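Analysis of the macromolecular model
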Amino acid sequence: MTDSSVRSISTFDAIRFTPEIRSAYIERFEDGPDVLTLYGKALYLDRSVLESSGKTYIPMTVLATCAFILKSGPRYVEVPEPLWTRKMLHTFLLLVCAHVAGALRFRRTMTSTYCIENEDAGRIARVPEVIPRKLRVAVLRTPLCLFGLLIRRWIFGTAASRETYEAVLGPFWGYVDRRSELVWPLPSACECSKLPSKDPSRVLFLGALTTRKGIFELLAGWDELDIRGSSLNLSIMGGGDLEHLVQDWAKGKPNVKVTISPARAQIHEELRQAGVLVLLSKPERYWREQIGLPLLEGLAHGCRVVTTAQTGIASWLADNGHCVVNDAGNPAEVASALSEASEAGFWSTASLPEINGRAAAAFRMHE
Ligand SMILES: [Zn+2]
């Protein structure tokens with residue numbers, strides 16, 4: 001970074017620090033306020049998305065970000081969510097610096113966070129389960145209460161996430177609740193989805209080719225569909241540990257197409273054409289699906305979604321014409337859900353907001 005770029009980014013009144021940046025985050029921030037985003041590392045990032053963004057993104061370590069906050073004194077500072085436990089100490093340092101920077105300038109810094117953690121409260125601290133659940137939850141209560149004092153505005157992306165924070169905070173939840181708001185992370189309709197190219201028989205899997213994204217369950221469900229003589233087509237887009245297994249499975253299947261590491265333009269084209277988007281997320285060790293960005297991308301393109309109850313938006317999806325399967329380990333249930341979603345036809349994007357939920361949340365945090 002040169003001195004001149006430091007000077008120019010110092011003019012921002014609102015900053016956010018995020019440990020990770022992805023193409024999908026950048027696309028969702030695009031409709032939001034003019035916030036300087038400082039990020040730790042890039043994940044699933046298509047450089048062209050970053051380069052064509054109208055917002056400013058700078059890679060920066062946590063300590064450099066702390067120094068930057070103290071030096072430039074932004075009025076608004078958005079930090080990672082406190083229950084991102086691996087980053088908890090970093091988040092604490094950022095908040096202390098934000099408040100010190102404000103105090104040095106005789107004003108209050110508006111600190112905020114966006115929360116989507118929806119893991120069971122007894123599992124977040126990663127304490128062995130032989131220890132009573134009450135104690136496992138209590139381990140996090142004291143640090144989270146401290147964050148309750150340091151963060152002035154809390155935006156929850158899902159109802160499931162509110163429940164997790166409420167469970168950890170226990171009797172102290174009311175203090176955070178009064179400073180919080182629920183803003184569903186719904187996408188706005190993608191511009192490209194207006195082109196008439198949908199085919200309800202096309203099913204799309206988009207995401208990491210890993211066990212936690214339900215790849216084995218999807219393949220088993222698809223084999224069941226083949227046995228039933230289905231006329232559906234499957235496109236699998238992504239990359240990960242299971243990509244060779246998926247490619248081998250797809251060999252000799254004329255109704256299955258696999259694309260490894262697709263470009264964003266290819267992804268949008270496929271989303272535009274698919275009638276159904278499937279993502280059968282399942283819990284793994286200390287991980288639970290929080291939202292599942294491919295689900296939002298499917299909604300933005302009018303896809304009927306088939307998923308599991310793991311995502312924090314499962315209740316919203318079930319109430320809005322999508323399919324939440326009870327047992328993704330049952331191939332017959334997955335096959336039936338895919339058939340029914342295809343027969344139900346496209347999903348209308350008319351009920352989606354003008355501004356996507358993540359950008360709307362950012363407006364609430366930086367005003
Ligand atoms: Zn699109």
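Residues numbered from 1 in each chain as written. Predicted model: local features only at pLDDT ≥ 70, side-chain atom pairs only at ≥ 80, totals over all residues. Heavy atoms only, no water.

Bringing the overall build of the chain into the picture now. Helices and strands together make up the secondary structure of the chain, namely 15 helices and 13 strands. Its C-alpha atoms give the chain a radius of gyration of 22 Å, within 12% of the compact-globule value 21 Å for 367 residues. Along the first, second and third principal axes, the C-alpha set of the chain runs to 70 × 50 × 35 Å. A burial count over the chain gives 52% of its 367 residues as buried. Summarising the internal contacts of the chain: among those between residues at least 6 apart in sequence, 71% fall at separations of at least 24. As displayed, the chain has an accessible area near 16,100 Å², and 55% of this comes from carbon and sulfur atoms. (Helix = DSSP H or I, 4+ residues; strand = E, 2+ residues; numbered from the N terminus. Rg over C-alpha atoms; globule rule 2.2 N^0.38 Å. Buried < 20%, exposed > 50% of the residue type's maximum accessible area, 1.4 Å probe, protein only. Contact = heavy atoms within 4.5 Å. Areas by Shrake-Rupley, 256 points an atom, 1.4 Å probe, with all protein chains shown as cover.)

In this structure, Trp-222, Val-306 and Leu-338 are the most contacted members of the largest nonpolar core, which totals 55 residues. Both domain 1 (3–187 + 355–365) and domain 2 (191–350) contribute no fewer than three residues apiece to this core. Among all residues touching Leu-338, those that are not within four sequence positions of it are Val-203, Trp-222, Leu-225, Leu-232, Val-276, Val-278 and Val-306. Within the second largest apolar cluster, 37 residues are counted, among which are Phe-68, Ile-69, Val-79 and Val-168. (Core = buried A, V, L, I, M, F, W, Y, C linked by side-chain atoms within 4.5 Å. Domains from an automatic or database assignment.)

Ideal geometry at a metal centre: 109.5 degrees between donors when four sit tetrahedrally, and 90 or 180 degrees when six sit octahedrally. Bound to the zinc ion are the protein donor atoms Cys-190 (SG), Cys-192 (SG), His-268 (ND1) and His-301 (NE2), situated 2.1 to 2.2 Å from the metal. Viewed at the metal, the four donor atoms of the zinc ion are separated by angles of 99 to 127°, and the geometry they form is tetrahedral. All donor residues of the zinc ion come from one chain, and their arrangement in sequence is C-x1-C-x75-H-x32-H. A residue pair is termed long-range when its members are at least 10 positions apart, and Cys-190 in the loop between strand E7 (180–182) and strand E8 (199–208) and His-268 in helix H11 (residues 264–273) qualify at 78 residues. By relative accessible area, His-268 is classed as buried at 16%. (Donors = N, O, S within 2.8 Å, 3.2 Å for Na, K, Ca; no water. Tetrahedral: all angles 85-135°; square planar, octahedral: opposite > 155°, others 65-115°.)

Our next topic: the domain arrangement of the chain. You can read the domains of the chain as domain 1 (3–187 + 355–365) and domain 2 (191–350). Centre-to-centre, using C-alpha coordinates, domain 1 lies 29 Å away from domain 2. Across the contact, 23 residues belong to domain 1 and 22 residues belong to domain 2. Summing the contributions of domain 1 and of domain 2, the shared interface buries around 1,800 Å²; its carbon and sulfur component is 61%. It is Asn-118, Trp-184 and Pro-187 that lose the most area in domain 1 upon contact with domain 2, and together they represent 26% of the buried surface on that side. Counting across the interface, domain 1 meets domain 2 through one salt bridge. For Arg-264, the salt bridge is made with Glu-27, and the minimal N-O distance between the two is 2.6 Å. Inspection of the domain 1/domain 2 interface yields seven residue pairs in polar contact (both at pLDDT 80 or more). The greatest single-element share of the side of domain 1 that touches domain 2, amounting to five residues, is contributed by helix H2 (residues 23–29). The class makeup of the residues in the side of domain 1 that touches domain 2 is 12 nonpolar, three polar and eight charged. (Buried area = accessible area lost by both parts, 1.4 Å probe. Salt bridge = Lys/Arg side-chain N within 4 Å of Asp/Glu carboxyl O. Polar contact = N/O pair within 3.5 Å; in protein donor to acceptor, adjacent residues only side chain to side chain. Nonpolar A, V, L, I, M, F, W, Y, C, P; charged D, E, K, R; others polar.)

This part takes up the pattern of salt bridges. For the coordinates displayed, the defined rule picks out 20 salt bridges. For Glu-20, the salt bridge identified is with Arg-22, shortest N-O distance 3.4 Å. We classify Glu-20 as buried; its relative accessible area is 12%. Take Arg-22: its relative accessible area is 23%, and that puts it in the partly exposed class. Here Asp-248 ties to Lys-251 by a salt bridge, and the two come within 3.2 Å at their closest N and O atoms.

Structurally, Ser-342 can be placed in helix H14 (residues 331–344). Here Ser-342 is in contact with Pro-200, Ser-201, Leu-232 and Val-276, once residues within four sequence places are set aside.

Let us now look at the packing of aromatic side chains. Aromatic rings in a pair are described by how distant their centres are and how their planes are angled relative to each other. Counted by the stated rule, this structure contains six aromatic pairs. A ring pair is formed by Trp-154 and Tyr-165, whose centres lie 5.9 Å apart and whose planes are at 75°; its orientation type is edge-to-face. Residue Trp-154 is located in strand E6 (residues 153–156), and its partner Tyr-165 is located in helix H7 (residues 159–169); the two are separated by 11 residues in the primary sequence. An identical accessibility class is assigned to Trp-154 and Tyr-165; each is buried. Under the relative-accessibility criterion, Tyr-165 is labelled buried at 0%. In textbook terms, an aromatic cluster arises when at least three aromatic residues are bridged by ring pairs, as seen for Trp-154, Phe-156, Tyr-165 and Trp-173. The ring of Trp-287 carries Arg-212 above its face, with NZ or CZ at 4.3 Å from the centroid. (Phe/Tyr/Trp six-rings, centres within 6.5 Å; stacked < 30°, edge-to-face > 60°. Lys NZ or Arg CZ within 6 Å of the ring centre and 35° of its normal.)

Adjacent strands of a sheet form backbone hydrogen bonds with each other and so pair up, either parallel or antiparallel. Strand order in the open sheet formed by six strands is E10-E9-E8-E11-E12-E13, and the pairing between neighbours is parallel. A strand with exactly one partner marks an edge of an open sheet, and here the two such strands are strand E10 (256–260) and strand E13 (323–325). The mean angle between the axes of side-by-side strands here comes to 20°, regardless of whether they run parallel or antiparallel. Note that E8 and strand E9 (residues 233–239) share seven bridges and pair parallel. Bridge pairing in E9 places Arg-202 opposite Asn-233. Contacting E8, E9, E10 and strand E11 (274–279), H11 runs over the sheet at an angle of about 145° to E8. Contacts from H14 reach E8, E11, strand E12 (304–308) and E13, with the element oriented near 160° to E12. (Pairing = 2+ DSSP bridges. Axes fitted to C-alpha atoms, helices over the stretch in contact; angles between N-to-C directions.)

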